[in-house]
Structures are given as structure tokens and as C-alpha cells.
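These are the residues of each chain, in order.
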Amino acid sequence: GSWGVGLGFRYLNVSAVQDERGRGVEVRALGAELTGLIQPLPACELRLGVSAERLLARGIGTQAARSDGAWTLGPNAGLIFYPLRHRLL
């Protein structure tokens, strides 16, 4: 079968939540993924890879608003089936 490599990037726009006193948090994230693509059958594609994200947060509504961040790293997997492209349905 065919194979390939995919590279993806993502940016999650700022999202904020506040309580009734105006205190809350503002969060955003940046991420990337590297994926191997394998097509064992003409109508089927398997994806396996790894994703990393940097989460950034900032406190809002307080005098001592602080910022911090965290990294996430984990596997990703997917299976795509193309029945219409190959007239299987």
C-alpha cells in the first residue's frame, strides 16, 4: 500500500471564563502533530502519530494576575474510510 507523512499545526484562540465577581482565566494553546499515513486498502487510510500542545493561561480580575503554561504530549490515531470515492456504497 501507499504511505506518507503529515505535519499539522493549530492555534486555539483566546477563550476566557469569569465568575460573578469578574475573576477568571484566559486560555489559549499552540499545537503541532507529526503523523504517519498508511493506506493498506484503496478506500482506507490509517494514521498514527504524536501531538504536542503548549497551553497558556492568565488569571484575570485580580490585582496579582498571574500567567503560567503547561505542555501536553500524546499519541494520535485515526482511520479514514472513503466509500464514495471508490464506489463501495
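Everything in this summary refers to the structure shown in the same document. These figures come from a predicted structure and were not determined experimentally.

1. Concerning the pattern of salt bridges
Okay, step 1: In this structure the tally under the stated criterion is 6 salt bridges.
Okay, step 2: Where E53 meets R10, a salt bridge forms, and the shortest distance between an N and an O atom there is 2.9 Å. One end of the pair, E53, is in strand 3 (residues 44–60); the other, R10, is in strand 1 (residues 2–18), and 43 residues separate them in sequence.
Okay, step 3: R10 gets classed as partly exposed once you look at its relative accessible area, which sits at 27%.
Okay, step 4: Close ionic contact of E26 with R28 constitutes a salt bridge, the shortest N to O distance being 3.7 Å.
Okay, step 5: When salt bridges that share partners are traced, they join R10, E33 and E53 into one network.

2. Quick word on the environment of N13
Okay, step 1: Relative to the assigned elements, N13 resides in strand 1.
Okay, step 2: With a relative accessible area of 57%, N13 lands in the exposed category.
Okay, step 3: When the C-alpha positions of N13 and R28 are compared, they lie 5.6 Å apart, and in sequence the two are 15 residues distant.
Okay, step 4: If near-sequence neighbours (up to four positions away) are discounted, N13 is found in contact with V27 and R28.

3. Points about the side chain of N76
Okay, step 1: With respect to the secondary-structure elements, N76 resides in strand 4 (residues 67–81).
Okay, step 2: Among the polar contacts listed, one links the side chain of N76 to the side chain of S51, at a separation of 2.7 Å.

4. Remarks on the side chain of E45
Okay, step 1: You can see E45 is positioned in strand 3.
Okay, step 2: Overall, the relative accessible area of 12% leaves E45 in the buried class.
Okay, step 3: A polar side-chain atom of E45 sits 2.7 Å from a polar atom in the side chain of R47.
Okay, step 4: Apart from the residues within four sequence positions on either side, E45 is in contact with L37, I38, Q39, G78, L79, I80 and Y82.

Cut-off values and rules
- Residues numbered from 1 in each chain as written.
- Predicted model: local features only at pLDDT ≥ 70, side-chain atom pairs only at ≥ 80, totals over all residues.
- Heavy atoms only, no water.
- Salt bridge = Lys/Arg side-chain N within 4 Å of Asp/Glu carboxyl O.
- Helix = DSSP H or I, 4+ residues; strand = E, 2+ residues; numbered from the N terminus.
- Buried < 20%, exposed > 50% of the residue type's maximum accessible area, 1.4 Å probe, protein only.
- Contact = heavy atoms within 4.5 Å.
- Polar contact = N/O pair within 3.5 Å; in protein donor to acceptor, adjacent residues only side chain to side chain.

By themselves, these observations are geometric and do not establish any function.
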